[in-house]
Amino acid sequence: MFVSKIDFGEYVKSLANDLFRSYRQSFTGVQLNVQTDEVFLELDQAIPCGLILNELITNALKYAFLDGRNGTVKVELHAVSEHEISLRVSDYGIGILHDFNMLNAKSLGLQLVNSLVAQLDGRLELGNSQGTDLLVSFPC
Ligand SMILES: Nc1ncnc2c1ncn2[C@@H]1O[C@H](COP(=O)(O)OP(=O)(O)OP(=O)(O)O)[C@@H](O)[C@H]1O
Ligand SMILES: [Mg+2]
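It should be emphasised that the depicted structure is a prediction, and the values quoted were computed from it without experimental measurement. Starting from 1, residues in each chain are numbered consecutively following that chain's sequence as written. Whichever chain is written first is A, and whichever ligand is written first is 1; the rest continue in order. With the structure being a predicted model, the display of local features is reserved for residues of pLDDT at least 70 and the display and counting of side-chain atom pairs for 80 or more, all residues being used for whole-chain, interface and lining totals. Hydrogens and water are ignored here; the side-chain numbers use all heavy atoms of the structure.

Chemist: What's the story with the overall build of the protein chain in this structure? I'm lost.
Modeler: Each helix corresponds to a stretch of at least 4 residues labelled H or I by DSSP, and each strand to a stretch of at least 2 residues labelled E; elements are numbered beginning at the N terminus. Along the backbone of the protein chain there are three helices and seven strands. Secondary structure of the protein chain in N-to-C order comes out as β-α-β-β-α-β-β-α-β-β. Should any heavy atoms of two residues lie within 4.5 Å, those residues are considered in contact. Taking all contacts inside the protein chain whose residues are at least 6 apart in sequence as the whole, residues at least 24 apart take part in 68%. Counting only carbon and sulfur atoms, one obtains 52% of the accessible surface of the protein chain, whose full area is about 8,000 Å². Areas reported as accessible are Shrake-Rupley estimates using a 1.4 Å probe. Residue values count occlusion only from the protein chains shown.

Below, the structure is given as structure tokens:
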């Protein structure tokens, strides 16, 4: 069957839950909060979005609560307007280093995120809420 559009809200929920489950042994006091609008994406946008989310959610689960603190990983997918989608992964954990330059990241994961965001003609913003807060917006 030819699949032209992916129900991306459903995909985000199951991806986030699967990743959360696979990291569960490493923490106890961490919650997952997923909020998705109903968004359908073409495969050429769904694939980079899925890879971006995979990297950002994995990073939050691996690093944000290393010191044993409790907290929440929040994953959001919003239809900002008819022509713009946003993905946001925020945690209330230890935070990414203040002087960490996302755009010049040398590590593989964030380099990958940067090139996937470029592939979407999108932009990546580092929010200043507590912990790490990454927002990707792109045209659809
Ligand atoms: N949510 C987060 N909270 C705290 N620190 C983070 C978070 N995300 C990333 N970091 C820090 O930024 C560094 C770079 O992340 P990046 O994903 O590029 O590399 P990595 O996860 O170490 O390796 P890779 O993704 O290639 O397996 C991490 O090693 C970690 O120290
Ligand atoms: Mg990583």
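Chemist: Even after reading the chapter, I still don't get the pairing of strand β7 (residues 133-139), so can you show me in this structure?
Modeler: Strand residues, when the strand is regular, have side chains that alternate between the two faces of the sheet. Of all seven residues in β7, five are buried; the element is thus mostly enclosed. The criterion for strand pairing is that DSSP finds at least two bridges linking the strands in question. Pairing of strand β5 (residues 84-91) with β7 involves seven bridges; the strand directions are antiparallel. Within β7, the residue paired with L87 across the bridge is V136. Of the strand pairs in this sheet, strand β6 (residues 123-126) and β7 are connected by four bridges, and their pairing is antiparallel. By the bridge assignment for β7, R123 is matched with S137. The turn linking β6 back onto β7 is made up of six residues, and G131 within it adopts a positive phi angle of 85°. In this scheme, a residue with accessible area under 20% of its type's maximum is buried, one over 50% is exposed, and one in between is partly exposed, where area comes from a 1.4 Å probe on protein chains only.

Chemist: Help me understand the sheet that holds β7, please; the structure alone is not making it clear to me.
Modeler: Sheet strands pair by backbone hydrogen bonding; their relative direction is either parallel or antiparallel. Pairing in this open sheet of five strands is mixed, and the strands run β2-β4-β5-β7-β6 from one edge to the other. In this open sheet, the two edge strands, each paired with only one partner strand, are β2 (30-36) and β6. Averaged over all adjacent pairs, the angle separating strand axes in this sheet is 10°, with direction ignored. The axes used here are C-alpha line fits, helices contributing only the stretch in contact, and every angle between their N-to-C directions lies in the interval 0 to 180 degrees.

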